[in-house]
Amino acid sequence: MSVILSSKAQLEQSLNPYWKRGATIGFVPTMGALHAGHCSLMHAAKAANEVVVLSIFVNPRQFNDSADFDKYPRTLTEDIKCAETEGVDFIYLPSYDELFSGQSVASEVQLNGLDLSMEGASRPGHFRGVVEVVYALFEHVNPSNAYFGQKDFQQLAIIRAMVSSLKLPVSIVSCPTLREIDGLAMSSRNLRLSQSERQEALVLYKALSFVKKHWKNRPSMEVLDQAKQLIAASTLRLDYLLLVDPDSLLPIANNAQSAVVCVAAYCGEVRLIDNMLLLAD
Ligand code: AMP
């Protein structure tokens, strides 16, 4: 059985024995509405740590659109079952006030421009909210290892930059994107798609796969343009489709180096993101 902790005091009481004896603590921060992608993070944490903590908190500070926050799926009963199946020891359900009562460090963190493009450009304040909440959660949990999905590639780069900038004593472990059988990246937001939108959303995977297949042999811009046309022919509204450097996240225009192709688009009202890593020879 997973133990549910709904206050910082309960968390401290439960983790104190582990902190004292220097046990490895694996931590998986989430916003809930758990799916197999989240399970893969819990699984990785379970395999490498003595104790696993999962947090579920829908963080209002990282939503630039309050309607999006209100409509974010919340499935706590199923989430608890899912965490128990994965053998999670503690499920932390922090309150807003306890997370954000301390001094914010977000402005001190050197993100080296990683937050300026893509999601950062389209969702002002989003990454500041992410940094604030992950920092606060790290302070509460004191994890040895924290698990994040490559599905949120830019977020992962920003968390790594935060850890390095603040010299936090935690290792960041990145886990591959889990996909539905037809290729759609698993996401809590997929729950908000109608049946027809769910079908249409597959174009993102098709566009990324198209870029991955052709980028080495043809001019990158031409390949990106054709992938954009695939999306333009669907009902999705493209926000961006970019080829960027996996470390700096700056746009690149050649295929001599490894890259990541990132996409964001609206499927009906639902904003979806996905990416694929493209490895140079
Ligand atoms: P979220 O609940 O959306 O904030 O996601 C919590 C964590 O799960 C983040 O580190 C995400 O990158 C990760 N995650 C979300 N979707 C997937 C997926 N399809 N595959 C692997 N990890 C994922």
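In this report, we go over the structure that sits alongside the text.

### Points about the overall build of the protein chain
Consideration 1: On a plain count of helices and strands, the protein chain comes out with 11 helices and 9 strands.
Consideration 2: Computed over the C-alpha atoms, the radius of gyration of the protein chain is 19 Å, within 12% of the 19 Å expected from 2.2 N^0.38 for a compact globule of 281 residues.
Consideration 3: For the C-alpha atoms alone, the extent of the protein chain along its principal axes is close to 55 × 40 × 35 Å.
Consideration 4: Out of the 281 residues belonging to the protein chain, those deemed buried represent 52%.
Consideration 5: Counting contacts in the protein chain only where the partners sit at least 6 residues apart, residues at least 24 apart contribute 72% of the total.

### What about the sheet that holds strand β2 (residues 25–30)?
Consideration 1: The 6 strands are arranged β1-β4-β3-β2-β5-β6 in an open sheet whose pairing can be described as parallel. Lying at the two open borders of the sheet, with one neighbouring strand each, are β1 (3–5) and β6 (171–175). Strand after strand, the sheet turns through a mean of 25° between neighbouring axes, direction not considered.
Consideration 2: The pairing of β2 with strand β3 (residues 51–56) spans 6 bridges and is parallel. Among the inter-strand pairings, T30 is bridged to a residue of β3, identified as I56.
Consideration 3: Where helix α1 (residues 8–20) meets the sheet, it contacts β1, β2, β3 and β4 (90–92), and its direction lies at approximately 145° from that of β4.

### A few points about empty space enclosed by the protein
Consideration 1: Summed over the entire model, instances satisfying the criterion amount to 2 cavities of 30 Å³ or more.
Consideration 2: In this model, the largest cavity occupies a volume close to 880 Å³.
Consideration 3: Along its surface, the largest cavity is lined by 49 residues, and M31, Y72, K151, D152 and Q155 are the ones closest to its centre.
Consideration 4: Among the elements of the structure, β2, α2 (36–48), α6 (118–122), α7 (126–141), β5 (145–149), α8 (153–166), β8 (259–267) and β9 (270–278) are those that each provide at least two residues to the lining of the largest cavity.
Consideration 5: Ranked by residue count, the leading element in the lining of the largest cavity is α7, at 6 residues.

Conventions adopted
- Residues numbered from 1 in each chain as written.
- Predicted model: local features only at pLDDT ≥ 70, side-chain atom pairs only at ≥ 80, totals over all residues.
- Heavy atoms only, no water.
- Helix = DSSP H or I, 4+ residues; strand = E, 2+ residues; numbered from the N terminus.
- Rg over C-alpha atoms; globule rule 2.2 N^0.38 Å.
- Buried < 20%, exposed > 50% of the residue type's maximum accessible area, 1.4 Å probe, protein only.
- Contact = heavy atoms within 4.5 Å.
- Pairing = 2+ DSSP bridges.
- Axes fitted to C-alpha atoms, helices over the stretch in contact; angles between N-to-C directions.
- 1 Å grid on protein atoms, 1.4 Å probe; cavity = no way out; pocket = protein on both sides within 12 Å on 5 of 7 lines; lining within 4 Å.
- Points joined across faces, edges and corners; volume = space filled by probe spheres on them.

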